[in-house]
Amino acid sequence: MKEKNDYKQAKRYGMVIDLDKCTGCGACMVGCYSENNVPFKADETNKLDSINWIRIFKITNDKPYPETETCYIPMPCMQCDGVGKHGHPPCVSVCPAVATDYDYDTGIISQIYTRCFGCRYCMAACPYHARKFNWWDPVWPADMEKYLNPKVSPRMRGVVEKCSFCFHRYQQARDKAYLEKREELAENEYQTACAEACPTGAITFGDLNNKNHAVYKLKNSPKAFRLLERLNTNPKVYYLTSKKWVRRAGDNYLTHEEPGKIKNNMKEHH
Amino acid sequence: MKIDRRSFLSYTTAAVLGGTAGSMLTPAPWKLIDDAAIWTQNWPWTPVPEDGEVTYKKSVCTLCPGGCGITVRLVNGRPIKIEGSKEYPVNKGSLCPMGISGLQYLYGPSRVTSPLKREGKRGEGKWKKVSWDEALAAVTKKLSELRATGRSQSVVCLTGSDRGTIPNLIDRFLTVYGSPNFIRSSTAQDAIEQAIYLTQGKQGTPIFDIENANFILSFGSGILDGWGSPGRLFNLYGGLKPTKTIIQIEPRLSDTAAMANQWVGINPGTETALALGLAHVIIKKSLYDKNFVENFAFGFDDWTDEDGKTHDGFSTMVKNFTPEKVAQITGIDKTEIVSLARNFARASKPIAINGRGQGDVPGSIDESLAVQSLNALVGNINKPGGISAIPDSNYAKWPEVTIDEVASKGRQQPRIDGAGSEQFPNTRFLLNRLPEILNKTKDESPVQALLVTAANPLYTLPDTASTKKAFDRIPFIVSFSPYMDETAAYADYILPNHSYLERLQEVPTDAGISRQVIGLAKPVVQPIYDTKHVGDSFILIAKALGGFISNAFPWNNYEGFLKETLKDQWRELNRKGMIEIENNTPEPLAYTFNTVSGKFEFYPTARNTAQPKNRSALPSYTPVPIEGDIQRFQLVLIPYDTIRLASNNIANSPFMTKTIDDTVLKKQTGMVEINPTTARGLGLKEGSTALLTTPKGKATVKIHLFEGIMPGLIAIPKGLGHTAYNKFLANKGTNFNDLIGPIEDPGSGLDMAWGIRAKLIRI
């Protein structure tokens with residue numbers, strides 16, 4: 001899908017997660033599991049082989065009691081635009097099978113299980129650990145296969161999977177709009193399962209290019225930052241925080257460096 | 001042709017290069033790899049879910065008493081996803097992880113798929129599938145025998161709640177059958193509702209109107225950790241304006257504390273002292289609501305009773321609780337105490353709440369009374385942004401019952417748990433006392449039959465070992481659980497209820513102080529196994545018992561009963577999925593109280609002051625005794641709650657367990673949190689394995705170092721350490737209840753244990 005729409009600006013779907021509102025409840029994770037047919041095993045405590053499309057990390061400011069603070073950081077796939085925002089995220093660039101690709105219409109990075117042959121280059125390339133490998137075939141015990149969502153194909157042993165920004169929901173919304181002879185989707189027509197599941201409304205989802213979408217304004221907030229910004233992966237997942245120490249945890253800053261005040265010294269190519 | 005070494009090499013090189021180049025140019029190898037990949041991906045055990053028409057059904061979640069509205073997405077009539085219902089006034093679209101993973105309860109491996117009769121020893125797990133007729137006949141036979149031998153009072157029904165028609169139906173059954181022993185599982189509600197009853201003379205479900213408050217002083221209530229109705233509170237938190245302040249008081253940085261505007265670390269178990277200390281400052285600085293205190297309250301000042309005896313009033317009593325003294329008890333800086341009191345009293349809509357963590361343990365009556373008094377000082381009773389007790393609305397019109405002589409005799413027997421007795425006159429249910437009573441009885445067990453629904457005492461009661469021993473003394477245990485929980489696994493018969501998504505049930509909940517919401521949980525799917533609605537089971541047993549018992553249940557089934565008792569409201573409930581009952585009482589009508597004085601009683605005259613002898617009825621602070629010898633057990637173990645762990649009668653779904661961090665559970669071993677300074681003294685490091693011992697039991701745990709916990713404490717998550725259910729949950733971590741015993745509040749009999757002494761030894 002390299003053809004661009006020449007008549008209108010492409011979408012860049014992205015997410016803004018307000019860490020001041022995230023309580024770490026895990027509803028986004030569970031909402032994602034059930035929307036996307038994510039399997040589960042008897043032991044999920046080895047997080048390296050535990051499949052999560054969005055995972056919540058808990059960080060602390062490491063100050064002694066009672067000055068301690070904690071913060072939760074939910075991490076889905078960052079849906080990187082890549083260096084120069086040309087659609088060359090780290091994972092897409094290394095995939096030898098074109099099993100993961102950048103969609104220029106939406107900015108969403110796909111994962112095509114039937115093409116993936118499990119080399120896991122993409123996992124090595126991803127700086128956010130967003131990708132997970134199926135070491136085993138999934139098993140849904142008792143009658144649990146009955147709750148599987150037909151819009152998302154269950155994965156099999158030997159393939160990599162990751163967050164798709166619930167692309168099937170985009171397809172459904174787009175199909176519906178097409179039938180109703182509309183070109184544009186309303187903001188609430190396409191929402192990810194995690195954004196919908198978040199009980200405190202910490203996750204906002206929408207088109208980062210659309211001035212009328214909430215994410216457009218939020219991403220420009222002085223509280224906004226992205227993870228490992230200096231790698232120039234250009235993630236489309238933004239975070240909001242009012243806490244300085246949380247902001248600092250977003251990248252490997254040296255003690256004298258002030259997050260947000262560092263000039264980007266990477267040249268934009270082309 | 002002569003083949004020398006040179007030409008051999010050049011020919012082979014050419015062949016290899018040519019061959020490679022050739023095969024690179026043909027698509028064959030790529031096609032083969034692709035085919036192989038496609039072949040492996042079409043293995044028959046990778047399911048292909050059937051697609052079809054998408055529909056939505058609305059219902060109410062009853063996995064916990066929160067009562068959130070849910071929307072279930074179905075494909076071809078097959079439920080595939082649960083989301084929060086945006087139109088439902090309780091949760092407005094928000095849902096906790098448990099609610100979202102609800103389908104794992106419906107289809108999961110823990111379901112009891114047909115009536116079961118125990119074959120082997122209790123808890124051995126050997127069952128025989130029986131028919132419903134056989135199972136119901138067995139229960140009927142036992143109950144009928146007990147009744148015939150004049151032992152009807154020895155039948156105990158244990159439920160999770162006493163609100164709504166299902167518990168009421170069971171209570172009605174016991175009434176006509178002839179037993180006073182209807183027991184509700186204990187929660188913080190027991191202590192809070194009693195404190196409201198003592199101060200206001202009003203019996204009902206306590207409501208905290210957090211919606212309309214703007215300064216929330218939480219004495220350890222995990223409002224973002226599963227306290228109250230999680231859907232409602234998460235939704236509220238998400239919509240909080242910056243003008244709202246949350247102060248969280250507890251010794252561990254919980255998720256609620258982390259999100260609060262201020263976290264106040266307090267010595268565990270000293271919350272009552274802090275509440276009284278705050279009252280001291282508020283009164284001393286004259287920051288209290290004078291209109292309320294002067295016109296609508298009793299016992300604020302010293303008073304003289306009919307015999308001419310003078311009693312200290314609340315304001316006199318709190319004089320002892322100077323900031324200096326309270327600072328010493330609680331470990332909170334005295335300037336902090338003064339500023340907390342000032343901020344609380346000066347806020348336009350302050351509210352003080354209690355019930356630690358998810359509110360599973362009642363706690364002391366003193367604590368609940370002290371918190372009620374704080375609310376009264378700011379005049380925050382029965383009004384928006386305040387606290388109240390909402391009596392169960394009588395939406396169900398029950399026909400009168402007539403009972404026979406046997407039932408009447410049985411009903412007049414004292415309750416086995418001692419609730420409502422001379423010793424505990426204001427307590428309604430005392431499940432926590434049952435095990436000890438059973439274990440102490442030398443002769444025949446006072447409980448001959450135990451019927452359990454929506455409760456799992458063998459997991460949730462403190463001191464699991466002694467609870468099990470007590471259960472061994474009960475000759476006949478019946479569980480109505482849809483899931484193989486610990487109590488079901490220990491029963492003689494299981495008469496499985498429908499799971500909550502297959503069951504019709506009305507669900508009374510509250511959305512703030514002024515609105516009561518009666519929701520309707522409608523079946524979203526036909527029962528998928530051979531199960532029966534618990535209401536139907538009780539109706540069938542009643543019919544089989546015959547006589548007056550049968551007469552009290554003229555309906556064919558629960559649905560018929562619900563339609564008939566709800567009368568006109570049924571149609572609206574069925575159509576809209578809920579009905580809302582407004583109960584706004586404007587001032588000063590809201591300030592009419594049913595107490596002896598007709599006022600809000602700072603000095604609760606109805607309080608039992610026999611224990612300890614001749615104590616004042618005023619709330620006071622006496623440290624809650626904590627079990628264990630300080631020489632042997634130098635640390636203190638406290639539990640903590642998280643929304644990712646369900647610690648009540650329904651346990652974690654596999655999805656919830658999957659979300660648990662590897663700092664909480666590592667393989668099968670549970671992790672405890674301790675402060676790094678405490679760990680250093682014990683030679684423990686992150687991930688060390690240690691033996692955790694308390695006077696009640698021991699467990700192997702792993703160590704997680706956490707700065708956010710008071711030194712000297714160990715925190716253990718609640719909700720792990722199951723022995724039943726399935727391999728996705730069983731034998732993971734430690735059940736806190738294996739390590740702690742109940743501590744009885746001398747005045748109420750309720751469990752007020754907040755922790756236990758413990759030690760950690762590296763192994």
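Quick notes on the rules
Residues numbered from 1 in each chain as written. Chains lettered and ligands numbered in written order. Predicted model: local features only at pLDDT ≥ 70, side-chain atom pairs only at ≥ 80, totals over all residues. Heavy atoms only, no water. Buried < 20%, exposed > 50% of the residue type's maximum accessible area, 1.4 Å probe, protein only. Helix = DSSP H or I, 4+ residues; strand = E, 2+ residues; numbered from the N terminus. Pairing = 2+ DSSP bridges. Patch = residues over 30% accessible without salt bridge, like charges linked within 9 Å, V, L, I, M, F, W, Y side chains within 5 Å. Areas by Shrake-Rupley, 256 points an atom, 1.4 Å probe, with all protein chains shown as cover. Salt bridge = Lys/Arg side-chain N within 4 Å of Asp/Glu carboxyl O. Contact = heavy atoms within 4.5 Å. Axes fitted to C-alpha atoms, helices over the stretch in contact; angles between N-to-C directions. Phe/Tyr/Trp six-rings, centres within 6.5 Å; stacked < 30°, edge-to-face > 60°. Core = buried A, V, L, I, M, F, W, Y, C linked by side-chain atoms within 4.5 Å. Domains from an automatic or database assignment. Buried area = accessible area lost by both parts, 1.4 Å probe. Polar contact = N/O pair within 3.5 Å; in protein donor to acceptor, adjacent residues only side chain to side chain. Nonpolar A, V, L, I, M, F, W, Y, C, P; charged D, E, K, R; others polar.

1. Overview of the pairing of strand β6 (residues 155–159) of chain B
Residues and elements named next belong to chain B.
- With respect to burial, β6 is a largely interior element, 5 of its 5 residues being buried.
- Side-chain alternation along β6 places Val-155, Cys-157 and Thr-159 on one buried face and Val-156 and Leu-158 on a second face that is also buried.
- Where β6 meets strand β17 (residues 449–452), 4 bridges bridge the pair, whose relative direction is parallel. From the neighbouring strand, Val-155 faces β17, where its bridge partner is Ala-449.
- Here β6 pairs with strand β7 (residues 182–184) via 3 bridges, running parallel. Of the residues in β7, the one forming a bridge with Cys-157 is Phe-182.

2. Structural notes on the environment of A:Gln9
- Mapped onto the elements, A:Gln9 comes out in the segment before β1 (13–18).
- When the C-alpha atoms of A:Gln9 and A:Asn210 are compared, they prove to be 9.2 Å apart, with 201 residues separating the residues in sequence.

3. Here we look at a nonpolar patch on the surface
- A cluster of nonpolar side chains, namely A:Phe117, B:Met24, B:Leu25, B:Trp30 and B:Ile33, defines an oily patch on the protein surface of about 610 Å² accessible area.
- For the nonpolar patch, the secondary-structure elements that each account for two or more residues are α1 (5–25) and α2 (28–40) of chain B.
- Here B:Ile33 is to be found in helix α2.

4. Description of helix α1 (residues 27–35) of chain A
- In terms of burial, α1(A) is largely enclosed, as 9 of its 9 residues are buried.
- Backbone geometry just after α1(A) places A:Asn37 at a positive phi near 55 degrees.

5. Structural notes on the sheet that holds strand β18 (residues 476–479) of chain B
Residues and elements named next belong to chain B.
- The 7 strands lie next to each other as β5-β4-β19-β18-β17-β6-β7, forming an open sheet whose pairing is mixed. Because the sheet does not close on itself, it has two edges, and the strands there are β5 (127–129) and β7.
- As defined by bridge partners, strand β4 (residues 116–118) adjoins β5 across 3 bridges and the pair is classed as antiparallel. Note on β5: the bridge partner recorded for Arg-118 is Trp-127.
- Where helix α5 (residues 132–148) meets the sheet, its contacts fall on β5, β6, β17, β18 and β19 (493–494), and the angle it forms with β18 comes to roughly 140 degrees.
- Here helix α6 (residues 165–177) sits on the sheet and contacts β6 and β7; the angle it forms with β6, its principal contact strand, is near 170 degrees.

6. Quick look at the environment of B:Ala135
All names here are of chain B.
- The topology assignment puts Ala-135 in helix α5.
- The exposure class assigned to Ala-135 is buried, which follows from its relative accessible area of 0%.
- Sequence-wise, Ala-135 and Arg-632 are 497 residues apart; in three dimensions their C-alpha atoms are separated by 50 Å.

7. Details of the packing of aromatic side chains
- This model, assessed by the stated rule, comprises 41 aromatic pairs over all chains.
- Judged by centre distance (5.0 Å) and plane angle (70 degrees), the ring pair of A:Phe40 and B:Phe728 falls under edge-to-face. Remark: B:Phe728 occurs in the loop between β29 (713–717) and β30 (756–762) and A:Phe40 occurs in the loop between α1 and β2 (55–60); the pair is interchain, linking two chains.
- On the accessibility criterion, B:Phe728 (6% relative accessible area) is buried.
- Both rings, one in B:Phe173 and one in B:Phe553, keep their centres 6.4 Å apart while their planes meet at 50 degrees; by these two values the pair is tilted. Taken together, the residues span a long stretch of sequence, with B:Phe173 in helix α6 and B:Phe553 in the loop between α22 (547–551) and α23 (558–566) at a distance of 380 residues.

8. Considering the pairing of strand β8 (residues 205–208) of chain B
Residue and element names in this part refer to chain B.
- Burial along β8 is two-sided: the face carrying Thr-205 and Ile-207 and the face carrying Pro-206 and Phe-208 are both buried.
- Here 4 bridges tie β8 to strand β16 (residues 387–390), and the two strands are oriented antiparallel to one another. Its bridge partner being in β16, Ile-207 is matched across the sheet by Ser-388.

9. Examining the nonpolar core
- Counting residues in hydrophobic clusters, the biggest one holds 174 residues, and the most contacted among them are A:Tyr239, B:Leu217, B:Phe219, B:Phe314, B:Leu374 and B:Leu377.
- It is helix α10 (residues 271–284) of chain B that provides the largest number of residues to this core, a total of 9 residues.
- Contacts of A:Tyr239, omitting those with residues within four sequence positions, involve A:Ile17, A:Leu19, A:Ile73, A:Pro74, A:Met75, A:Pro76, A:Met78, A:Lys223, A:Ala224, A:Phe225 and A:Leu227.
- With 74 residues, the next largest nonpolar core counts B:Tyr395, B:Phe429, B:Phe471 and B:Ile477 among its residues.

10. Observations regarding the domain arrangement of chain B
Residues and elements named next belong to chain B.
- As far as domains go, chain B holds domain 1 (5–40), domain 2 (116–188 + 393–582), domain 3 (205–390 + 587–601) and domain 4 (635–762).
- Averaged C-alpha coordinates put domain 2 and domain 3 at centres separated by 35 Å.
- When domain 2 packs against domain 3, the two sides together hide about 950 Å² of surface, and 62% of this comes from carbon and sulfur.
- Summed over the three residues of domain 2 that lose the most area to domain 3, namely Ala-188, Asp-510 and Ile-513, the buried surface amounts to 58% of that side.
- Applying the counting criterion to the domain 2 and domain 3 interface returns 0 salt bridges.
- Counting across the domain 2 and domain 3 interface gives 2 residue pairs in polar contact (both at pLDDT 80 or more).
- Split into classes, the residues belonging to the side of domain 2 that touches domain 3 amount to 3 nonpolar, 4 polar and 2 charged.

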